[in-house]
Amino acid sequence: VSALESAAPLAAAVAGGRLTARDAAERSLAAIAERDPDLGAFLVVAGARARDEADAVDAAVRAGRAPGILAGVPVAVKDNLCVRDLPTTAGSRILDGFRPLYDATVVTRLRAAGAVLVGKTNLDEFAMGSSNENIAFRVARNPHDAARVPGGSSGGSAAAVAAGLVPLALGSDTGGSVRQPAAFCGVYGLKPTYGRVSRYGLIAFASSLDQVGGFARDLEGLALLYRAIAGEDPLDATSAARAVDPVDAAAGARGLRVGVAAGLLDRPGVDPAIAARLRERAAALEAAGCVLSTVELPDPDLAVAAYYLLATAEASSNLARYDGVRFGARLPGDTVGAMMRRTRTAGFGPEVKRRILLGTYVLSAGYRDATYLKAQEARRVLARRFGELFAAVDLLLLPTTPTTAFRIGEKRDDPVAMYLSDVFTVYANLIGAPALSVPAGTDAQGLPIGLQLLAPSWREDLLFRAAGPLERAA
Amino acid sequence: LELDDAGVEAMVRDLGAILAYADLLNRADLSGPVAPAAPGSDPGDAASAGRLRDDIVRPGLPPGAATREAPGTDHDLFRVPPVLGPEA
């Protein structure tokens, strides 16, 4: 494993003085310069800043100070996370030129842990999308097949880690936006429990669903990333005042009760190769001492329908702030109303407009009861049913996605088909639970397959324990 | 948002398809006792304990910094076109 692929040995080498953070940063920046023109994973590369940060880590090591658990590890963050004075666009023209006045808490924590920020990654506009095709700036491609999408919305972060440009990256997951691209690109993708990781400085999409998550090429690296970012933040009122339990993939899976969502595998549109791989890896869990049972999950169509009504309703309200007054782009107008209309019409792309209009519709008088309130009821029913499931099993095993990475353009003109690529990931967001996409080899075409573990809220430790045998099986 | 005729047509088609799909919520059985919609959203949720900060005044952004990113400013104030006018 090269130093850029695995965070834990890299951090140990930097902390032990066997590798400088500056060397690690230079390798990452050189890999980005070589590969990213074709890959499109980055929107901003912050070379000078990365070199300064790396030199500070090296100075700490030389001075005998503890350099942090991610000492010298090059990281990338999705471009909907604010980094002070670096362009932060959320992939939207309406934020073209915007430079935040402050760092997101997760960025502050990464730096405190010794990580070196090398750049900001590509995404669907305002994290709305499943393919990284809703873009204002540049196409992102899947490192396994350049004709295919990396997934979305955190497609750039997944592609950057999969291509070995950085060992770790941050994304955000509102309906699967970390786990789905992780599955498509063949890396680990963690969505922590709602409230576990601060969202201060995350550009809001749907506030009852959004969570910051991370990507890594191995569980050891992912555990370090999680440790660095998890925990209460006084700057985020939704962050929980709870101790963060240690996570350790080597802790052993013996005795864990795993519910296998076998019924989902027979659903139309589920790739048989993914179904077969899930059954195979379930057997690996059993061999590791897990106790398997078959469970019936609530109707995934119900979850997707509820998700898209709730997420768009919240988005229509969150995106009202982009009006050309306080930050971002502005188009001129004779009156403030005309200025705002022109700015928003030109600044938002088609998918964002679709979601704002849908969300405004579902919140409007006369339609609210049959749409938004029904979706809230469905969310409560889902929470209750998952609560019942988690009384009988410790965690659930299901596919991350129904298919492997699709072709660029394949689903662009069919929003419902695109939304259904999130069919197995929205559960976790609706119930607030943590979930992890684990790479599970490839299909006959060499495209990565991802399997998903879903645990009760605050039990990220169970995800890592169960993922251990799956990592060894891969 | 402004949409031209073609934009309206496309939006009607897309939103219609999404809402037709979502109509399954109205056919589903959603009865039964309810659980909180999301962790942290229920004031009784133990996880949320302490989520209200102490009411202490903290320094905010100075006006000059707060307007730094604004597309139009005037003496540390946000400047916008007239509120009233022919199009208002």
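First things first, this report covers the structure right here in the doc. The structure displayed is predicted, hence computed values, not measured ones.

This part is about the overall build of chain A. Regarding its fold elements, chain A presents 16 helices and 11 strands. For chain A, the spread of C-alpha atoms along the three principal axes comes to 60 × 55 × 45 Å. A burial count over chain A gives 64% of its 474 residues as buried. Considering only intrachain contacts with a sequence separation of at least 6, the fraction spanning at least 24 residues in chain A is 77%. For chain A, the accessible area works out to roughly 14900 Å², and carbon and sulfur atoms hold 51% of it. Averaging the positions of the 52 positive and the 50 negative side-chain charges in chain A gives two centres separated by 3 Å.

The number of helices and strands found in chain B is three helices and two strands. Starting at the N terminus, the α and β elements of chain B follow one another as α-α-α-β-β. Scored against the burial criterion, the 88 residues of chain B give a buried share of 24%. Only carbon and sulfur atoms are counted for the fraction: they give 58% of the accessible area of chain B, which is about 6100 Å².

Moving on, we get to the environment of proline 272 of chain A. Residues and elements named next belong to chain A. Here proline 272 is to be found in helix α9 (residues 272-287). Under the relative-accessibility criterion, proline 272 is labelled exposed at 62%. For proline 272 and methionine 418, which are 146 residues apart along the polypeptide, the C-alpha to C-alpha distance reads 19 Å.

Residues and elements named next belong to chain A. When you tally the buried positions in strand β9 (residues 395-399), you get five out of five residues, the bulk of the element. Alignment of strand β7 (residues 257-260) against β9, held across three bridges, turns out to be parallel. Among the inter-strand pairings, valine 258 is bridged to a residue of β9, identified as leucine 395. Examined bridge by bridge, β9 and strand β11 (residues 448-454) share four bridges and lie antiparallel to one another. Looking across to β11, one finds that proline 399 is bridged to leucine 451.

What follows covers the interface of chain A and chain B. With 66 residues of chain A at the contact, the number on the chain B side is 50 residues. Of the roughly 4700 Å² buried between chain A and chain B, counting both surfaces, carbon and sulfur atoms make up 66%. Between chain A and chain B we count three salt bridges in total. Its salt-bridge partner being aspartate 85 of chain A, residue arginine 68 of chain B comes within 2.9 Å of it at the nearest N-O pair. Where chain A touches chain B, the interface holds 13 residue pairs in polar contact (both at pLDDT 80 or more). Secondary structure elements with two or more residues in the side of chain A that touches chain B: α10 (300-318), α11 (336-347), α12 (350-362), α13 (369-392), α14 (415-419) and α15 (426-431) of chain A. For the side of chain A that touches chain B, a count of residues per class yields 38 nonpolar, 10 polar and 18 charged.

Residue and element names in this part refer to chain A. Taken in spatial order, the 11 strands of this open sheet run β1-β3-β2-β4-β6-β5-β10-β11-β9-β7-β8, and their pairing is mixed. With one partner strand each, in any of the chains shown, β1 (42-45) and β8 (291-294) form the two edges of the open sheet. For this sheet the average axis-to-axis angle between neighbouring strands, irrespective of direction, equals 25 degrees. Here strand β10 (residues 435-442) runs beside β11; their pairing, made up of six bridges, is antiparallel. Residue pairing in the sheet places leucine 436 in a bridge with leucine 453 of β11. In this fold α13 packs onto β7, β9 and β11, with an angle of close to 115 degrees to the strand it touches most, β9.

This paragraph deals with the pairing of strand β4 (residues 168-172) of chain A. Residue and element names in this part refer to chain A. The buried fraction of β4 is high, at five of five residues. Judged by which residues are buried, β4 turns out to be covered on both faces: Leu168, Leu170 and Ser172 on one side and Ala169 and Gly171 on the other are all buried. Pairing of β4 with strand β6 (residues 212-216) involves five bridges; the strand directions are antiparallel. Each residue of the ladder has a partner; that of leucine 170, found in β6, is glycine 214.

Let us look at the side chain of aspartate 461 of chain A. All names here are of chain A. Looking at the secondary structure, you find aspartate 461 in helix α16 (residues 460-473). Exposure remark for aspartate 461: the relative accessible area of 14% places this residue in the buried category. What aspartate 461 contacts, discounting residues up to four positions off in sequence, is Pro246 and Val247.

This part is about a nonpolar patch on the surface. A contiguous nonpolar patch, built from Leu3, Val8 and Val12 of chain B and spanning about 230 Å² of accessible area, is present on the exposed surface. The topology assignment puts leucine 3 of chain B in the segment before α1 (5-22).

Right, let's talk about the pattern of salt bridges for a bit. Counted under the stated rule, the structure contains 30 salt bridges over all chains. Between aspartate 394 of chain A and arginine 257 of chain A there is a salt bridge, with its nearest N and O atoms 3.1 Å apart. Placement of aspartate 394 of chain A in the loop between α13 and β9 and of arginine 257 of chain A in strand β7 is noted, with a sequence separation of 137 residues between them. According to the relative accessible area criterion, aspartate 394 of chain A is buried, its value standing at 19%. In this structure arginine 257 of chain A comes out as partly exposed when scored by relative accessible area, which is 32%. Salt-bridge contacts for arginine 13 of chain B lead to aspartate 14 of chain B; the nearest nitrogen and oxygen are separated by 3.6 Å. Taking relative accessible area as the criterion, arginine 13 of chain B reaches 54% and is therefore assigned exposed.

Residues and elements named next belong to chain A. Contact geometry for α9 and α16: axes closest at 9 Å, N-to-C directions at 115 degrees. Helix-helix and strand crossings are classified by hand; for α9 and α16 the assignment is right-handed. On α16, the residues that touch Arg281, Ala284 and Leu285 of α9 are Ala466, Pro469, Leu470 and Ala473. Counted by class, the contact of α9 with α16 contains six nonpolar, no polar and one charged residues.

Rules of the game
Residues numbered from 1 in each chain as written. Chains lettered and ligands numbered in written order. Predicted model: local features only at pLDDT ≥ 70, side-chain atom pairs only at ≥ 80, totals over all residues. Heavy atoms only, no water. Helix = DSSP H or I, 4+ residues; strand = E, 2+ residues; numbered from the N terminus. Buried < 20%, exposed > 50% of the residue type's maximum accessible area, 1.4 Å probe, protein only. Contact = heavy atoms within 4.5 Å. Areas by Shrake-Rupley, 256 points an atom, 1.4 Å probe, with all protein chains shown as cover. Lys, Arg positive; Asp, Glu negative; His and termini not counted. Charge placed at Lys NZ, Arg CZ, Asp CG, Glu CD. Pairing = 2+ DSSP bridges. Buried area = accessible area lost by both parts, 1.4 Å probe. Salt bridge = Lys/Arg side-chain N within 4 Å of Asp/Glu carboxyl O. Polar contact = N/O pair within 3.5 Å; in protein donor to acceptor, adjacent residues only side chain to side chain. Nonpolar A, V, L, I, M, F, W, Y, C, P; charged D, E, K, R; others polar. Axes fitted to C-alpha atoms, helices over the stretch in contact; angles between N-to-C directions. Patch = residues over 30% accessible without salt bridge, like charges linked within 9 Å, V, L, I, M, F, W, Y side chains within 5 Å. Left-handed = near helix turned anticlockwise from the far one by under 90°.

Coordinates in, geometry out; function isn't part of it.
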